[in-house]
Amino acid sequence: MEGRNGVLMETGAYWLLYVVSVCGTLMHWRLGNEVLAAICGAAAVLAALRIAARHRDDLAAHR
């Protein structure tokens, strides 16, 4: 994706993945399905790392 709209869509997609996977983690944990809770938790961590990397790239581009 190129341009400002592409960056905003990509960042928004990672935020959506983060929110949904955190909710999935909590729901599966509460229902007693630890395997799916772990998978959703891993997806949340991955999304958080991608959000942080995008933020770091944006800061570096403004310098």
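In the block above lies the structure referred to throughout.
Our subject in this report is the structure included herewith. (Residues numbered from 1 in each chain as written. Predicted model: local features only at pLDDT ≥ 70, side-chain atom pairs only at ≥ 80, totals over all residues. Heavy atoms only, no water.)

It is worth spelling out the overall build of the protein chain at this point. When helices and strands are tallied, the protein chain shows 2 helices and 0 strands. Expressed as a percentage of its 63 residues, the buried residues of the protein chain come to 19%. (Helix = DSSP H or I, 4+ residues; strand = E, 2+ residues; numbered from the N terminus. Buried < 20%, exposed > 50% of the residue type's maximum accessible area, 1.4 Å probe, protein only.)

This part covers the environment of Leu49. If you trace the backbone, Leu49 turns up in helix 2 (residues 34-61). With relative accessibility at 55%, the residue Leu49 sits in the exposed group. Between the alpha carbons of Leu49 and Tyr14 there is a distance of 9.4 Å; along the sequence they are 35 residues apart.

These figures come from the coordinates and say nothing about function on their own.
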